[in-house]
Amino acid sequence: MNESKPEAALKRIEMPLRLTLLGLWAERLSRAFWPLWTALIAGLGLAALGVQDHLPLEVDWFGLVSLAFSSVWALVHGWVVFRRPTRDEALARLDSRLPGRPIAALRDSLAMGSEDAATQAIWAVHRDRMALRASAAKAVEPDLKLASRDPYALRYMALTVLVLALLFGSIWRVASVATLPAPVGPGQAAAGPAWEGWAQPPAYTGKPALYLSDQKGETLLLPAGTRIQLRFYGAPGALILAETVSGRTDVPPASNPTQDFTVRQSGVLKIEGAGGREWLVTLLPDAPPAIKPTGQMDRDADGRFKQPFEATDDYGVVKGSVSIALDLAAVDRRYGLTPDPEPRDPVVLDLPMPMKRDRTKVDQVLVDDLSKDVMSNLPVTLTFTATDAAGQTATSQPLHVVLPGRRFFDPIANAIIEMRRDLLWNRSNAPRVDEILKAITYKPEGFFPNTKAYLRLRTVISQLDSASAPLDTKARDGMAEELWQIALMVEDGELSSAYEAMKRAQDRLDEAIRNGASPAEIDRLMKEMRDALNNYMSQQAQKNAQNPDEPSKQNSPTMKMTQDQLQQMLDKLQELMKEGRTAEAQALMQQLRDFMNNMKVEQGKGQGQGQGQGSPGQQAMKDLGQTLRDQQKLSDDSFHGLQNGQQGQPDPNAQGGQSQDGQPGDHPNGQSLADRQQALKDRIDRLGKSGTLPGAGDPKGEEGRRKLDQAGRAMKDAENALRDGNLPQALDKQAQALDALRQGIRQLGDALAQSEQDRNPNDGQATADATPRGQRDPLGRDSADSAQIGSNGPLRMDQDVYRRAQELLDEIRKRAGDQARPDQERSYLRRLLDLF
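Owing to the predicted nature of the structure, the values given are computational and were not obtained by experimental measurement.

1. Quick word on the overall build of the protein
Along the protein, the regular secondary structure elements total 22 helices and 19 strands. The 836 residues of the protein split such that 39% are buried. For the protein, long-range pairs separated by at least 24 residues make up 70% of all intrachain contacts whose partners lie at least 6 apart in sequence. Accessible area of the protein: about 45500 Å², with a carbon and sulfur share of 54%.

Right, here's the structure in full:
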């Protein structure tokens, strides 16, 4: 059958036609009946929220009747305006979206010339063309927009109410609508008395409301704070309330038709009269919350304190706070703390609360920074308070601690901060603060480290001199803020001399050791001293390289220290401080000072290519060498994973590495192979962006950079393969990365050597003996302790080399033919054999 015929074309559009017809049904139903489903959704949402449980009965019935009338009107209105869509209307809509209305043309007939053969031929060709156009018909989407019919967006309001009800209410509350009693009319009142009642527990308990008429038992278990609502119908006095659960003293008449009270205690609830009931009410008490600090207070390096705490409540803690007050009895009242402190309100901080709805047990950590407060680094008491939804509060026992704050280890900065504290402690200290600040700034040459800070401090001294006694609060607080900023400048300011920066770092670390600084502060100061030492040693190495014959300025013999020895000394110093061995740490610190005062820096492994860490290019080459070794180790671990059937999971045999700078490597135990590969890729990216790679603008240097980019792309592909569990492909990509990395290192090394030769043409020649002879690759070549695996030297041309190569090939063939090994491993070994 020819598919371009008109009959076939009409059959092919059957499915789009049906979909279009369904769209017409949806469109006209929504336009006609949107008021109906809006009213029903709004009523359902309000009922699920339990609105009917909180409104008078009359209002509930008015709402139900209004909803019923609205629904009937919406149904009738929708029935009147609704027009049932037809197949012809669907065809017309489908045809309107096609060029030339081909469906109408297919349904037309020839009005004249039906006897003429030429006319019939032309008509047939026209219908065939229309059939081709009709065959491309697609279903027309319905127009469900109702903005013009609902300008106030009532349908969205109803949906919002329903969503809120589903989130915060309960769909089961809708059933309580069916329990609403009918309003009592005159005829019913004549027939006898009637009553209804509800017991509504507090919302925070999460317990449902009880309709008392439905309670079959004679006991009620009600939480404290439950609201009881009763309504009496019939002749006045026919029903009387008797209760002992509210504990009220101003009790309204027991015959009032409306009774409303709260359960405060266990007792009896009784409705006396015809049809009345009696219950024994047992109160479920709402226990007060409890709160206490847990663990010790910690101090961050920047001065923030961390105090964990725990709060509990049977229904949940709503909020909490902590009050921090000065523990005056524990303060060492000397110097500026001798006078009584000025009256000051305790500092009150809000406690962090979890976002989850269940707060019956809260385990959180209070983190804040009160370094600028006068109580910083002084004894204080912390009193925690918790509040539950019932308004009950609980207070913890006072916690006596020294309030952590930022500590200043520069002696001048520390003195400025102490004067700031004294000024805030009591304004009567202003003359003493003025005198000490003048002493600090007397003859600042060679003593005061920061000129800008010195000038600002002199300005504060002038303000103290000119201020009238006593200082007003605004002036005192302004001076305190200025002293804080000056202390920060002295503590953290930049020093122009690397030697001065190193000395300052040593002094601050020494001060921290004597004052018992926290581990976080020790780590920060150790990092600062490492950076200062490295910067100083780099400058010294460049100076020694430029002036190799300059005589030493020291009369004592020159001390020599390698980079590895320095790193070992720093690591030992940090270990002693963390273990609390203060005396040994101070002795080692003094030894480090002696070394740095008179020292000739040598390269870590005895190589004669510079001093200390060498130039940035040499350090970058060392980092590339470490990366190459780590990549080789990762490739070995990946191969072991292939043998053991692992799929990119952490290798239990992988050992954490350590780079040449003494820092941990990027592959600690438990880290997956893919994560290790990502870390190596990130390291290559950082080196490329650091600007320290040698040979910028040199052809070999640029070629080396291109090879590093190629290695990075191969590493990324290897990482993706590891995450997909494809170890054979990962091994191939890792091999490509290793090859590109070796070539890049070789090119960059040549560029570095050429640049050093151009800069120092009289330097000694590097010799082949500089390569350690203790390591060789499997083919007998020297494995230099440089940025390469193996060397550029030729193979050792003796029988032992050929024998070893043959043994390796035989072992690979043996493993490739071992049917007990995994298919992935044997496939990889066969591809490896194809290379040879």
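2. A look at the sheet that holds strand 8 (residues 278-284)
Spatial ordering of the open sheet is given by 3-8-7-5, a layout of four strands whose pairing is mixed. On the outer flanks of this sheet lie strand 3 (219-223) and strand 5 (240-243), each paired with one strand and no other. Pairwise comparison of adjacent strand axes, ignoring direction, gives a mean angle of 25° for this sheet.

3. A few points about the packing of aromatic side chains
Within the structure shown, the criterion is met by seven aromatic pairs. Seen from their ring centres, Trp198 and Tyr211 are 5.9 Å apart, and the 55° between their planes marks the pair as tilted. Of the two residues, Trp198 sits in strand 1 (residues 194-200) while Tyr211 sits in strand 2 (residues 210-211), which places them 13 residues apart along the sequence. According to the relative accessible area criterion, Trp198 is buried, its value standing at 11%. Look at Tyr211 and you get buried, because its relative accessible area is 13%. In textbook terms, an aromatic cluster arises when at least three aromatic residues are bridged by ring pairs, as seen for Trp25, Phe33 and Phe82. The ring of Tyr156 carries Arg155 above its face, with NZ or CZ at 4.4 Å from the centroid. The side chain of Arg406 reaches across the aromatic face of Phe408, ending 5.2 Å from its centre.

4. Describing helix 6 (residues 117-134)
The end-to-end C-alpha distance of helix 6, which contains 18 residues, comes to 25 Å, matching closely the 26 Å that a straight helix rising 1.5 Å per residue would cover. Turning to helix 6, its buried residues number three or more, namely Arg127, Met130, Ala131 and Ala134. Buried positions in helix 6, seen along its axis, are confined to an arc of 105° and lie on one side of it. Opposite the buried face of helix 6, by more than 90 degrees, sit the exposed residues Ile122, Arg129 and Leu132.

5. Points about the sheet that holds strand 6 (residues 258-262)
Taken together, four strands build an open sheet; the order of strands is 2-1-4-6 and the sheet is antiparallel. Across the chains shown, the open sheet's two edge strands, defined by having one partner strand only, are strand 2 and strand 6. By the bridge criterion, two bridges tie strand 1 to strand 2 in an arrangement that is antiparallel. By the bridge assignment, Trp198 is partnered in strand 2 with Tyr211.

6. Some words on unusual backbone geometry
One non-glycine residue, Asn377, adopts positive backbone phi at about 65°. For Asn377, the position within the fold is in the loop between strand 14 (361-368) and strand 15 (379-388). Positive phi is not limited to glycine here, since Lys443 has a value of about 50°. With respect to the helices and strands, Lys443 occurs in the loop between helix 10 (430-440) and helix 11 (451-466).

7. Overview of the nonpolar core
In this structure, Leu624 and Leu741 are the most contacted members of the largest nonpolar core, which totals 33 residues. Where this core is concerned, the elements lending two or more residues are helix 17 (616-644), helix 18 (673-690), helix 19 (699-723), helix 20 (727-759), helix 21 (799-816) and helix 22 (823-834). At ten residues, helix 20 tops the list of elements feeding residues into this core. Apart from the residues within four sequence positions on either side, Leu624 is in contact with Ile684, Leu687, Leu693, Leu708, Ile745 and Leu748. Of all hydrophobic cores here, the second largest spans 29 residues; its members include Met297, Val331, Leu349 and Val380.

8. Here's the deal with the pattern of salt bridges
Across all of its chains, the model carries 31 salt bridges by this definition. Ionic pairing is found between Asp300 and Lys306, a salt bridge with its closest N-O pair at 3.7 Å. Overall, the relative accessible area of 15% leaves Asp300 in the buried class. What makes Lys306 partly exposed here is its relative accessible area of 30%. Close ionic contact of Arg334 with Asp332 constitutes a salt bridge, the shortest N to O distance being 3.0 Å. The exposure class assigned to Asp332 is partly exposed, which follows from its relative accessible area of 44%. Residues joined in a network through salt bridges with shared partners are Glu27, Arg31, Arg93 and Asp143.

9. Thoughts on the side chain of Arg299
With respect to the element layout, Arg299 can be found in strand 10 (residues 298-299). Classification of Arg299 by relative accessible area gives buried; the value is 17%. Here the side chain of Arg299 touches Asn377 through a polar contact of 3.2 Å, side chain to side chain. In this structure the side chain of Arg299 is engaged in a polar contact, spanning 2.6 Å, whose partner is the backbone oxygen of Gly405.

10. Comments concerning the environment of Asn535
With respect to the helices and strands, Asn535 occurs in helix 14 (residues 519-546). Given a relative accessible area of 39%, Asn535 falls into the partly exposed group. In the structure, Asn535 is positioned 34 residues away from Ala501 in sequence and 9.1 Å away in space, judged by C-alpha atoms.

11. Considerations on the side chain of Glu491
Positionally, Glu491 belongs in helix 12 (residues 473-492). For Glu491, a relative accessible area of 0% puts it in the buried group. Engagement of the side chain of Glu491 in a polar contact is seen with the backbone nitrogen of Asp410, the distance being 3.0 Å. Excluding its chain neighbours within four sequence positions, the residues that come into contact with Glu491 are Arg406, Arg407, Phe408, Phe409, Asp410, Ala413, Arg504 and Arg508.

What counts and how
Residue numbers run consecutively from 1 along every chain, following the written order of its sequence. The predicted nature of this model means local features are confined to residues of pLDDT at least 70 and side-chain atom pairs, given and counted, to a pLDDT of 80 or more, with totals for whole chains, interfaces and linings taken over all residues. To obtain the side-chain values, all non-hydrogen atoms of the structure were used and water was disregarded. Only DSSP runs of H or I with at least four residues qualify as helices, and only runs of E with at least two residues qualify as strands; both kinds are numbered from the N terminus onward. Categorising residues by exposure relies on relative accessible area from a 1.4 Å probe, with only protein chains included: less than 20% of the type maximum marks a residue as buried, more than 50% marks it as exposed, and the intermediate range marks it as partly exposed. Any two residues whose heavy atoms approach within 4.5 Å are treated as being in contact. Computed by Shrake-Rupley with a 1.4 Å probe, the accessible areas treat only the displayed protein chains as cover when residues are assessed. At least two DSSP bridges between two strands are needed for those strands to be called paired. To obtain each axis, a line is fitted to C-alpha atoms, and for helices this fit is confined to the stretch in contact; angles are then taken between N-to-C directions over 0 to 180 degrees. Stacked, tilted and edge-to-face pairs are distinguished by plane angle, under 30 degrees for stacked and over 60 for edge-to-face with tilted covering the rest, among Phe, Tyr and Trp rings (Trp via its six-membered ring) whose centres lie within 6.5 Å. By the criterion adopted, a ring carries a charge over it if an Arg CZ or a Lys NZ lies within 6 Å of its centre and within 35 degrees of its normal. Given the number of residues in a helix, its expected span is that number minus one, multiplied by 1.5 Å. Each direction from the helix axis to a C-beta atom contributes to the arc, which is the arc of those directions. Take the buried Ala, Val, Leu, Ile, Met, Phe, Trp, Tyr and Cys residues and link them wherever side-chain atoms come within 4.5 Å; each set so joined is a nonpolar core. Should a side-chain nitrogen of Lys or Arg be within 4 Å of a carboxyl oxygen of Asp or Glu, the pair is scored as a salt bridge. Definition of a polar contact: a pair of N or O atoms within 3.5 Å, with one able to donate and the other able to accept a hydrogen when the atoms are protein atoms, and with sequence-neighbouring residues admitted only if both atoms are side-chain atoms.

Functional significance is not addressed by these values, which are geometric in nature.
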